[in-house]
Amino acid sequence: ETGCFTYDPGFGATASCKSAITYIDGDAGVLLYRGYPIEQLAEKSSFLEVAYLLMHGELPTKEQFSSFEHEVTHHTMMHEAFRTFLYGFRHDAHPMAMLTGMLGSLASFYHNDLDLEDPEQRRLAAIRLIAKIPTIAAACYRYSIGWPIRYPKNNLEYTTRFLHMMKEVPSEPLELSPMAAKAMDLLFILHADHEQNASTSTVRLVGSTGANPYVSVAAGVAALWGPAHGGANEAVLKMLEEIGRPENVGSAIAKAKDKESGFRLMGFGHRVYKNFDPRAKIIREMTHKVLGELGINDPLLEVAMKLEEAALKDEYFVQRKLYPNVDFYSGIIYKALGIPTEMFTVMFAIARTAGWVSHWLEQQTDPEARIGRPRQIYTGSPVRDYVGFDQR
Ligand code: SDX
């Protein structure tokens, strides 16, 4: 055992750390948040209630939820001085780049409340991150397209408030369909946590050094941005657009099977799920519902369905247990909701902040937690003596 990682020689990492937050059974396609099946939470809960559950370990009573909601709402604003940070970015920087920078700068704003020995300050930092990340994300997006920043309307609920901040055009009030808000809230629930994925492990590793939660979450955002992880949702839509039509699916499958091509089916495969990602099933059903209710006939949905159908029948994918994952359909819904492609991974980051801060809090109170210190399997040269130039 070395700190945060335990290695079983020959099979790589077998366990990274103890956690009571999320359980995944990759072979059975099971996902539980604090013991509750994702399917039930998706159907009956809300994102903010799931955030409470992940942070506190239990579903809230009515009073607990209303006080939690009040606390989060109280912290949605960002200090006016934030504009100087934001306006320091090139306006055409990717919103994920701006988000990473803005989160890192939160630490400089709250340096007086960073005594991490104080449980109340730890909790306040977690609340601030959940509350402010939608405000910051929406501001980054609006700055990138030259729109004035919109302040949070605190009479709206969490997800609707975010959509309002992001999408309200300067000249007219935003008309949001209840379906759009419900679909977005459901996507937030499904992306809220996922055990020791790359970005959550990053947050825990950074947090294990005693770094504050703002920079730990900023590190998580950086890890999430990669196309093999959270950036896959943006890559899926680009892939579907390149395939273009259902009749081109065969050549995409052939290309994905050709190792030389370096092309992988984005939104397919998973480090843990060797069965259907339960989130993908829920999102696929919701995709049909959202497009149906909004009367949208997106040809990319037919391409996606054909691609899924062909891959699930193809020996290469069946043998390797490659199934659609959470990212395969989410981009089609984001597109239907009018979310621009460059904001897809930002959506993921907003939702995953609930999981990231819950893991950070869990680690801070774990008496056995130590600084993460992964080891390696050394494959370099055996020991040897130094020799001078004339002997080389
Ligand atoms: C997320 O960890 C999490 O929980 C992440 C996440 C979360 O909620 O935090 O679930 C979110 O990151 C989902 C994954 C999003 N990424 C993508 O959709 C990118 C496309 N997928 C792949 O790059 C890949 O499947 C990974 C990165 C997800 C997993 O990579 P691995 O572990 O290297 O894949 P593997 O070991 O399971 O691969 C087994 C075989 C290999 O071929 P062989 O060497 O055995 O011949 O399957 C092949 C791989 O080359 N393979 C694929 C493939 N994914 C794996 N071939 C074609 N298309 C693919 N998508």
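Residues numbered from 1 in each chain as written. Predicted model: local features only at pLDDT ≥ 70, side-chain atom pairs only at ≥ 80, totals over all residues. Heavy atoms only, no water.

Draft legend 1. Up close: helix α17 (residues 344-364). Its 21 residues place the ends of α17 30 Å apart at the C-alpha level, agreeing with the 30 Å of an ideal helix rising 1.5 Å per residue. Residue Arg352 marks the point of greatest curvature in α17, where the axis turns by about 40°. Counting buried positions along α17 yields 20 of 21 residues, so the element is predominantly enclosed. (Helix = DSSP H or I, 4+ residues; strand = E, 2+ residues; numbered from the N terminus. Expected span 1.5 Å × (residues − 1). Bend = angle between axes of the 7 residues up to and from the residue. Buried < 20%, exposed > 50% of the residue type's maximum accessible area, 1.4 Å probe, protein only.)

Draft legend 2. Fine view of the site of the ligand. Taken together, 25 residues surround the ligand, and among them His194, Gly267, His270, Arg271 and Arg279 come closest. A distance of 3.0 Å separates an oxygen atom of the ligand from a polar atom in the side chain of Lys259. At 3.2 Å from an oxygen atom of the ligand is found a side-chain nitrogen or oxygen belonging to Arg320. Considered on its own, the ligand offers 1100 Å² of accessible surface; in the complex 80% of this is hidden by protein. Among the residues making up the shell around the ligand, the classes are represented as 10 nonpolar, 7 polar and 8 charged. (Near = heavy atom within 4 Å. Polar contact = N/O pair within 3.5 Å; in protein donor to acceptor, adjacent residues only side chain to side chain. Areas by Shrake-Rupley, 256 points an atom, 1.4 Å probe, with all protein chains shown as cover. Nonpolar A, V, L, I, M, F, W, Y, C, P; charged D, E, K, R; others polar.)

Draft legend 3. Quick peek at the UniProt feature "active site" (unreviewed entry) in the protein. UniProt records the feature "active site" (unreviewed entry) for His270 and Asp327 in the present numbering. Judged by maximum C-alpha separation, these annotated positions cover 58 residues in sequence but sit close together in space, the widest gap being only 10.5 Å. By relative accessible area, His270 is classed as partly exposed at 22%. Excluding anything up to four places from it in sequence, His270 contacts His194, Asp277, Arg279 and Asn325. Within the structure, His270 has its side chain in polar contact with the backbone nitrogen of Val272 (distance 2.9 Å). Relative to the helices and strands, Asp327 resides in helix α16 (residues 327-336). On the basis of relative accessibility, which here comes to 5%, the residue Asp327 falls in the buried class. Excluding residues that lie within four positions of it along the chain, Asp327 makes contacts with His191, His229, Gly230, Ala232, Asn233, Val236, Gly267 and Phe348. (UniProt positions renumbered as here; feature names shortened; annotations may be inferred. Contact = heavy atoms within 4.5 Å.)

Draft legend 4. Representation of the nonpolar core within the structure. Membership of the largest hydrophobic core comes to 118 residues, with the highest contact counts inside it found for Leu99, Met239, Leu265, Leu307 and Ile339. Among the elements that make up this core, the one with the highest residue count is helix α6 (residues 119-144) (14 residues). Non-local contacts of Leu99, meaning those with residues more than four positions away in its chain, are made with Ile133, Ile136, Ala137, Cys140, Val221, Val346 and Ala349. (Core = buried A, V, L, I, M, F, W, Y, C linked by side-chain atoms within 4.5 Å.)

Draft legend 5. Region of the structure containing the sheet that holds strand β4 (residues 30-33). Pairing in this open sheet of 3 strands is antiparallel, and the strands run β3-β4-β5 from one edge to the other. Looking along the sheet, the strands with just one partner apiece sit at the ends: β3 (22-25) and β5 (36-37). By the bridge criterion, 2 bridges tie β4 to β5 in an arrangement that is antiparallel. Pairing of Leu32 across the sheet is with Pro37, part of β5. (Pairing = 2+ DSSP bridges.)

Draft legend 6. Broad picture of the side chain of Arg352. One can find Arg352 in helix α17. Comment: no salt bridge for buried Arg352; closest opposite-charge side chain is Asp193, at 4.9 Å. Apart from the residues within four sequence positions on either side, Arg352 is in contact with His191, Ala192, Asp193, His194, Asn197, Ser199, Thr200 and Arg279. (Lys, Arg positive; Asp, Glu negative; His and termini not counted. Salt bridge = Lys/Arg side-chain N within 4 Å of Asp/Glu carboxyl O.)

Draft legend 7. Molecular detail of the packing of helix α5 (residues 95-109) against α6. Closest axis-to-axis distance for the α5/α6 pair is 10 Å, and the angle between their directions is 135°. Taken as axis vectors, α5 and α6 run oblique relative to one another. Here α5 and α6 pass one another in a crossing that is right-handed. Touching Met98, Leu99, Met102, Leu103 and Leu106 of α5 are Leu129, Lys132, Ile133, Ile136, Ala137, Cys140, Tyr143 and Ser144, all from α6. A breakdown of the residues in the contact of α5 with α6 according to their chemical character gives 11 nonpolar, 1 polar and 1 charged. (Axes fitted to C-alpha atoms, helices over the stretch in contact; angles between N-to-C directions. Parallel < 35°, antiparallel > 145°, perpendicular 65-115°, else oblique. Left-handed = near helix turned anticlockwise from the far one by under 90°.)

Draft legend 8. Fine view of the pairing of β3. The alternating pattern of β3 places Thr22 and Ile24 on a buried face, while none of Tyr23 and Asp25, on the opposite face, is buried. In the sheet, β3 pairs with β4 via 4 bridges, with the strands oriented antiparallel. From the neighbouring strand, Asp25 faces β4, where its bridge partner is Val30. Taken together, β3 and the strand that follows it, β4, pair antiparallel across an intervening segment of 4 residues, in which Gly29 is found at a positive phi of about 70°.

Draft legend 9. Examining the pairing of β4 more closely. The alternating pattern of β4 places Leu31 and Tyr33 on a buried face and Val30 and Leu32 on a face that is not buried. Turn length for the β4-β5 hairpin, with the two strands adjacent in sequence and antiparallel, is 2 residues, and the turn residue Arg34 shows positive phi of about 50°.

Draft legend 10. Region of interest: helix α11 (residues 232-243). With 12 residues, α11 should cover 16 Å at 1.5 Å per step; its first-to-last C-alpha distance of 16 Å lies within 8% of that length. Extensive coverage of α11 is indicated by the burial of 9 of its 12 residues. For α11, the set of buried residues is Ala232, Asn233, Glu234, Ala235, Val236, Leu237, Met239, Leu240 and Ile243. The inward-facing, buried residues of α11 abut α12 (249-257), α14 (299-313), α16 and α17. After α11 finishes, the residue Gly244 shows a positive phi value of roughly 80°.

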